[in-house]
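# Topology and contacts: notes
Chain by chain, the residues:
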Amino acid sequence: MAQAVSSADATEAPLLLSSPTPPPPAGAPRRNWFAFICATLASVTTMLHGYNLTLMSGAELFMREDVGLTDGEVEVLSGSMNVFMLASILAAGWVADQLGRRRTLVLANAFLMAGALAMSLGTSFGALMAARFVTSVGSGFARVVAPVYNAEISPASTRGVLSSMLDMFINVGILLSYVSNYAFSGLPVHLRWRVMFGVGVIPPVFIAAGVLLIMPESPRWLVIRGRHSDARAVLLRTSDAPADADLRLGEIKRALADAEPPPPAAARHGGSGAGVWKQLLVRPSTSVRRILTCVLGLQFFVMASGVDAILLYSPLVFKAVGMTSKSAVLGATVAIGAVKTCFILVGMLFTDRLGRRPLLLASTAGVAVTAAALAMTLYVGTNTTSPSPATAAACLASVLAVMATYSIGYGSVVSAYSAEALPLRLRAQASSLAMAVNKLTGAVVSMTFISLADGITMPGCFFLYAAVTAAAFVFVYTRLPETKGRSLEDMEVLFDK
């Protein structure tokens, strides 16, 4: 066991810590393409989550007219996905431990397909809420299981970029939703929003087929099930070198051997159940408690930054500063999606080079500043009798700046950091808990934005989000260690320091 870092050292250099895994020798392969393909297939399911989540931002402009939705119903329908996802998120860890990561992703695609079809056929607020629930079940499964699978399938040398791929695909889905809003806005009113949702029916079929035909099961899940030879076969295909496969298999076995044994009933079902929740919430070890504090805190702050308020209500933000043309508003949302996706990609490319912690620090500081700048532009724009094009342009620039700074760290690192930090024996269900915190916080933001803006004004909302993100910077600086280059089985030792 490594020696603990002294309190004096920890004070002088907070959490910049330990020596990472040494780099491979010259000439060793730097990328494993099979692991890349597997991570891509797992991640692309989350694209449908991003698409369905933000499609409402433009679709609601036409749903109001066709279905007759009120402001309150739009607010509930837009934010309900985060609430509905809680049920599947909390169940996803157990399902993934029972069925395996791969089959759970297939199940997620089935729900996403059914939900998209039901949304496109909805004729009332109640029917749309029911369809939103079905979509949310698939989204919840995908958001929990995809990062777990990517972390478990990836070699340490590229785990950051492969684990961050799902964030990129979520944002590809967000971008496609904005493009869909814009592209189908010329159709008859009763068809516009239905076609927007209807195009989401086809992709899940092809994604599920790819998952079944190409993706292997997670090697760590196979070891938990006692299928060591199958796990080694997967590791041989997803490691940078054959020797790494045996090393990773040995680390997984040792991690399971060192873990607290689950109750007999849980052992028969892959180590899940009440024993896992007891280790997580009732009697966590010091390292598990520290990991949970970091992961749950990070998941809270990433949504409390107010990004969902921009993603779901950007048309209202732009209208507040005088942008009245629907085509101009929808075009501006396409720009948001494009910037967000591009900067997610930038964060992905640097997460294994610079590390998770520097990107998170840069992101939290950037969002705090740019959200305050957005609040100032909104204050100016909403307190003038005749908003000018310059004010609208400044508002759009501020929104794009928030998206850029958010995406380079918050949007590209949080899922990877959370999945890799959690211990193997607790990873699936702890990921469910972390995502539940994420979505509950997102639900509060998305379902209160219109009402909060009425109470403290729209600029006040973004001043509040800026203050919360400033607190997030302090949290990241004082609490989060660097995980770049560390093996998954080494995380408890890292956090024990």
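Use the structure listed above.
Everything numeric here is computed off the predicted structure, so don't read it as measured data. (Residues numbered from 1 in each chain as written. Predicted model: local features only at pLDDT ≥ 70, side-chain atom pairs only at ≥ 80, totals over all residues. Heavy atoms only, no water.)

### Structural notes on the overall build of the chain
Across its full length, the chain carries 23 helices and zero strands. Across the 497 residues of the chain, 57% fall into the buried class. For the chain, restricting intrachain contacts to residue pairs at least 6 apart in sequence, the fraction spanning at least 24 positions comes to 85%. Within the structure as shown, the chain displays about 18,400 Å² of accessible surface, and the carbon and sulfur contribution to it stands at 68%. (Helix = DSSP H or I, 4+ residues; strand = E, 2+ residues; numbered from the N terminus. Buried < 20%, exposed > 50% of the residue type's maximum accessible area, 1.4 Å probe, protein only. Contact = heavy atoms within 4.5 Å. Areas by Shrake-Rupley, 256 points an atom, 1.4 Å probe, with all protein chains shown as cover.)

### Topic: the packing of helix α7 (residues 159-183) against helix α17 (residues 326-351)
As a packed pair, α7 and α17 sit with axes 8 Å apart at the nearest point and diverge in direction by 170°. Overall, the two elements α7 and α17 adopt an arrangement that is roughly antiparallel. For the contact of α7 with α17, the per-class residue count stands at 16 nonpolar, ten polar and two charged. (Axes fitted to C-alpha atoms, helices over the stretch in contact; angles between N-to-C directions. Parallel < 35°, antiparallel > 145°, perpendicular 65-115°, else oblique. Nonpolar A, V, L, I, M, F, W, Y, C, P; charged D, E, K, R; others polar.)

### Quick word on unusual backbone geometry
The backbone phi angle of Thr457 is positive, close to 75°, even though this residue is not glycine. Turning to its location among the elements, Thr457 is positioned in the loop between α21 (427-456) and α22 (458-479). Judged by its relative accessible area of 42%, Thr457 falls in the partly exposed class.

### Overview of α21
Along α21, the largest kink reaches about 60° and is centred on Phe449. Among the residues trailing α21, Thr457 stands out with phi positive, at a value near 75°. (Bend = angle between axes of the 7 residues up to and from the residue.)

### Digging into the environment of Gly200
Along the chain, Gly200 turns up in the loop between α8 (189-198) and α9 (203-214). Exposure remark for Gly200: the relative accessible area of 8% places this residue in the buried category. Between the C-alpha atom of Gly200 and that of Leu48, which follows or precedes it by 152 residues, the distance is 7.2 Å.

### Section: the environment of Ala404
By the element assignment, Ala404 lies in helix α19 (residues 389-408). You can call Ala404 buried: its relative accessible area is 13%. Counting along the chain gives 38 residues from Ala404 to Gly366, while the straight-line C-alpha distance between them is 8.7 Å.

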